[in-house]
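Coordinate analysis (summary)
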Amino acid sequence: MTSTTAPQGAALSEAEHKGLADAVRVLAMDAVEQAKSGHPGMPMGMADAAVVLFSRFLRFDASNPTWPDRDRFVLSAGHGSMLLYALLHLTGYPGMPMEELRRFRQIGSKTAGHPERGLAPGIETTTGPLGQGLANAVGMAIAERHLNARFGDDLIDHRTWVIAGDGCLMEGISHEAASLAGHLGLGRMNVLWDDNSISIDGATDLSISDDVAARFRAYGWHVAAAGGHDPAALATAMAAAIADPRPSLIACKTIIGYGAPTKGGTAGSHGAPLGADEIAAARKALGWALPPFVLPEVVVETGKALGRRGADARAAWAGRYNASAARAEFDRVMAGELPASLAGAIGALKSQLVADQPTLATRVSSQRAIEVIAPLMPELIGGSADLTGSNNTKVKTQSVFTRDDRAGTYIHYGVREHAMAAAMNGMALHGGAVPYGGTFLVFTDYCRPSIRLAALMGLRAVFVMTHDSIGLGEDGPTHQPVEHLAALRAIPNVHIWRPADAVETAEAWQLALERTDGPSILALTRQGLPAVRTEASAGNRSARGGYVLAAASGAHTVTLIATGSEIEIALAAKGLLDADGIGTTVVSMPCMERFAAQDAAYRAEVLGVGTVRVAVEAGVRMPWEWLIGPQGAFVGMTGFGASAPYEELYAHFGITADAVAQAARDRLAARNA
């Protein structure tokens, strides 16, 4: 087996190293200049460190970019995307011909302004929002160690490498993520810090005076420093990082825009083209005589040889993989396939719930579902941001993932919502893990950047968000989400589930796990809810996002649409309207996004044609307009909540069956006037 504690490749000659590093610099200058936008300084400054990493330490095979046991490389400083694109081109990754570098930042190109996962092989994650890549890498390192505990060194034994900038380490998420990595002892995570002391505004001492090295040492990291343009010193530091059992930070003291005679070392090279005169002068300083996007043949051959360097290691891994008794299960989890028994187990749970008709908070119903799912899905890795008992996210069959027990499937994230959400994305990106994590719905504000990136990347991550409305009661308006459902529904490609009872909660879990092209949020109650799905039914009724829960008896005149805890109110309002002879249907809308994706005929069948529509939800009206129309009514919140028992709050804010029924009557009267 290839050792993970020693360099993986021989040192390049001085000429070979300079040729590749300068190729990165020139390609970055030229691509940014041609696009008339971009960030040339970081690729030029970190070219030496990146070439040392790719030539000696990063374990990869360019011909097989999805090799499961490859090292993961994360460019957290995503604004320097040309560094990654240039390296992918030079080492021969498929999908990154020179033409793509010429089309940097153009519509339809694979070379977006910031790296986007899925556009080209070798882009492990979408970065750009600073610090996110660093936190993703923590999740990747967690997934690697967990899979190593499951499948052993023969199948999983690799590292996660990160290039991060000053901005990444300023962002609050980096503090949370680095603290978590140190606590968990994620020694397979190595970070190269582009320590260039420059940000967009100018020198970093305008805004920061932290002792970054001391901060990381306090987190429990190994910390080293190296001249960022000294290949031998960089290699020594990387070898030491590999040998150390702790996560490592290597401060690479670089000159931003290295090679640019007047803009190098200044903010002028950070986020704008260098200009034709400066590029010409840089070419002269570097000894580079070729025109834009033309490389010396010797550099081309050296780069391709680096791309083949890991072929023997991959072939050896393939031999172990082919001989492994765990191969079928390994393939299943790495492909993200669910156990064949899962659907039947959830079906059995639903049957039991229909029989028992329990009154449960949906956070408890969620825990009931996890109790069924977790034993069948050892790849399910849960956690909570210090709210395990409140979120009901841990079940008895789960042990805790720690520095001493990598087989654990539950993570105590501490009060680190930012890091939790980003690490969940990292696990999903790595493969072999299906992450879920919990906090209060109001604290999705802390998770939102990662939720958005999960949606952009199409990742399967399940965010279990409890205490979903004024129904949480006495904690008051600081903790009562009012605008959050609307804000989350505004993010494309996120499914927000707000189930009404235990059966819908089980269905939501099933659909969230079956979904492989984006994240799901489960918005769950603190307060108990009665069973509303009291009859057995085939299939998953929630699968289309909305359905008729209680049909009108007689002519369908009014449609009441509700989610979650307000279904109970809608059903009571139906009783009042039915007593008045007004035929009323109640529609449960557990996932507005899935309902919107249905065909027009189905939506019309559920909502009715020409009916008065009234929506009720303990949140703001904003996301409901398209469903209720200009003649519809909404019963919900128009401002922040208050501190009181939840029953009093619903009455105080007028979210009652009487209010819903009266809103329907008023709309009928207005229509008939």
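A short tour of the structure in this document, coming up. (Residues numbered from 1 in each chain as written. Predicted model: local features only at pLDDT ≥ 70, side-chain atom pairs only at ≥ 80, totals over all residues. Heavy atoms only, no water.)

1. Examining helix α12 (residues 311-323)
Here α12 contains 13 residues, and its C-alpha end-to-end distance of 19 Å stays within 8% of the 18 Å for a straight helix at 1.5 Å per residue. Buried residues of α12: A313, W317, R320 and Y321, and no others. One face of α12 carries all of its buried residues, which in axial projection span an arc of 100°. Away from the buried face of α12 by more than 90 degrees, exposed residues D312 and A323 are located. For α12, the elements touching its buried residues are α13 (327-335). (Helix = DSSP H or I, 4+ residues; strand = E, 2+ residues; numbered from the N terminus. Expected span 1.5 Å × (residues − 1). Buried < 20%, exposed > 50% of the residue type's maximum accessible area, 1.4 Å probe, protein only. Arc of directions from axis to C-beta. Contact = heavy atoms within 4.5 Å.)

2. Quick notes on the pairing of strand β3 (residues 189-195)
Of all the 7 residues making up β3, 7 are buried; the element is thus mostly covered by neighbouring parts of the structure. Residues of β3 alternate between two faces, with M189, V191, W193 and D195 on one and N190, L192 and D194 on the opposite face, all of them buried. Where strand β2 (residues 160-165) and β3 come together, 6 bridges link them in parallel fashion. Paired with W161 across the two strands is N190, which belongs to β3. (Pairing = 2+ DSSP bridges.)

3. Here's the deal with the sheet that holds strand β11 (residues 434-440)
Pairing is parallel across the open sheet formed by 6 strands, whose spatial order is β10-β9-β11-β12-β14-β13. One side of each edge strand has no neighbouring strand; the edge strands of this open sheet are β10 (410-412) and β13 (495-497). Each adjacent strand pair in this sheet contributes to an overall mean axis angle of 20°, direction not counted. In the sheet, strand β12 (residues 462-466) pairs with strand β14 (residues 520-523) via 4 bridges, with the strands oriented parallel. Opposite V464, over in β14, you have L522 as the bridge partner. The strands touched by helix α17 (residues 417-430) within the sheet are β9 (380-384), β10, β11 and β12, with β11 carrying the most contacts at an inclination of about 165°. Sitting on the sheet, helix α20 (residues 502-514) touches β9, β11, β12, β13 and β14, and the angle it makes with β12 is about 150°. (Axes fitted to C-alpha atoms, helices over the stretch in contact; angles between N-to-C directions.)

4. Examining the sheet that holds β2
Across the sheet, which stays open at both edges, the 5 strands sit in the order β1-β2-β3-β7-β6 with parallel pairing between neighbours. Here the strands that pair on one side only, and so sit at the sheet edges, are β1 (72-75) and β6 (222-227). Strand-to-strand twist across the sheet, computed as the mean angle between neighbouring axes with direction ignored, equals 20°. Two strands pair when backbone bridges link them, and β3 and strand β7 (residues 248-253) are joined in this way by 6 bridges, in the parallel orientation. Bridging from a neighbouring strand, V191 pairs with L249 of β7.

5. Structural notes on a negative patch on the surface
Among the surface-exposed residues, E474, D475, E647 and E648 lie close enough to one another that they form a single negatively charged patch. Structurally, the position occupied by E647 is in helix α25 (residues 646-652). Given a relative accessible area of 48%, E647 falls into the partly exposed group. (Patch = residues over 30% accessible without salt bridge, like charges linked within 9 Å, V, L, I, M, F, W, Y side chains within 5 Å. Areas by Shrake-Rupley, 256 points an atom, 1.4 Å probe, with all protein chains shown as cover. Salt bridge = Lys/Arg side-chain N within 4 Å of Asp/Glu carboxyl O. Lys, Arg positive; Asp, Glu negative; His and termini not counted. Charge placed at Lys NZ, Arg CZ, Asp CG, Glu CD.)

6. Considering the environment of A664
Topologically, A664 is positioned in helix α26 (residues 657-672). Spatially, the C-alpha atom of A664 lies 7.4 Å from that of R613, the residues being 51 residues apart in sequence. When near neighbours in sequence (up to four residues on either side) are disregarded, A664 contacts V558, L577, V612 and V614.

7. Considerations on the layout of surface pockets
With a probe scaled to a water molecule rolled over the atoms, the places where space remains empty come into view. Of the voids in this model, the largest pocket is the one considered here, and its volume is about 600 Å³. Around the largest pocket, the lining is made up of 27 residues, and of these R117, A428, L429, H430 and G431 lie nearest the centre. Every element with two or more residues in the lining of the largest pocket is listed here: α13 and α17. Taken together, the residues of the lining of the largest pocket break down into 13 nonpolar, 9 polar and 5 charged. Estimated volume of the second largest pocket: approximately 210 Å³. H79, L130, G167, S199 and H270 are the residues nearest the centre of the second largest pocket, which is lined by 16 residues in total. Looking at the lining of the second largest pocket, the elements that each hand over two or more residues are α6 (166-170) and β4 (198-199). Considering each element in turn, the lining of the second largest pocket owes the most residues, 3 residues, to α6. Within the lining of the second largest pocket, the residues separate by chemical class into 7 nonpolar, 6 polar and 3 charged. (1 Å grid on protein atoms, 1.4 Å probe; cavity = no way out; pocket = protein on both sides within 12 Å on 5 of 7 lines; lining within 4 Å. Points joined across faces, edges and corners; volume = space filled by probe spheres on them. Nonpolar A, V, L, I, M, F, W, Y, C, P; charged D, E, K, R; others polar.)

8. A short note on the packing of aromatic side chains
Counting across every chain of the model gives 16 aromatic pairs. Ring geometry for F54 against F73: centres 5.3 Å apart, planes inclined by 80°, an arrangement best described as edge-to-face. Taken together, the positions of F54 in helix α2 (residues 41-57) and F73 in strand β1 put the pair 19 residues apart, joining distant regions of the chain. This pair shows no difference in class: F54 is buried, exactly as F73 is. Here W317 and F330 contribute two aromatic rings whose centre-to-centre distance is 6.3 Å and whose plane-to-plane angle is 55°, an arrangement assigned as tilted. (Phe/Tyr/Trp six-rings, centres within 6.5 Å; stacked < 30°, edge-to-face > 60°.)

9. Here's the deal with unusual backbone geometry
Leaving glycine out, the prevailing phi sign among residues is negative, and the prevailing peptide bond configuration is trans. For R105, which is not a glycine, the phi torsion comes out positive at approximately 65°. With respect to the helices and strands, R105 occurs in the loop between α4 (98-102) and α5 (132-151). In this structure R105 comes out as partly exposed when scored by relative accessible area, which is 26%. Despite not being glycine, D386 shows a phi value in the positive range, around 65°. Within the element layout of this structure, D386 appears in the loop between β9 and α16 (388-391).

10. What to know about the side chain of D69
Tracing the sequence through the fold places D69 in the loop between α2 and β1. At a separation of 2.7 Å, a polar atom in the side chain of D69 contacts the side chain of H158. Filtering out sequence-adjacent residues up to four positions away, D69 remains in contact with R59, L155, I156, D157, H158 and W317. (Polar contact = N/O pair within 3.5 Å; in protein donor to acceptor, adjacent residues only side chain to side chain.)

11. Quick look at the pattern of salt bridges
When charged atoms on two side chains of opposite charge get close, those side chains can pair. Under the definition given, this model contains 28 salt bridges. Between R544 and D599 there is a salt bridge, with the nearest N and O atoms lying 3.6 Å from each other. Pair noted here: R544 is in the loop between β15 (528-529) and β16 (547-550) and D599 is in the loop between α22 (592-596) and α23 (600-607), with a separation of 55 residues, a long-range link. Each of K18, D22, R25 and D48 takes part in salt bridges that share partners, so that together they form one network.

12. So, the pairing of β12
The buried fraction of β12 amounts to 5 of the 5 residues, a majority that puts the element mostly inside the structure. Side chains of β12 alternate between two faces, with V462, V464 and T466 and F463 and M465 buried alike. Handedness of the β-α-β unit built from β11, helix α18 (residues 444-457) and β12 comes out right-handed. (Right-handed = clockwise from strand over helix to strand, strands pointing away.)

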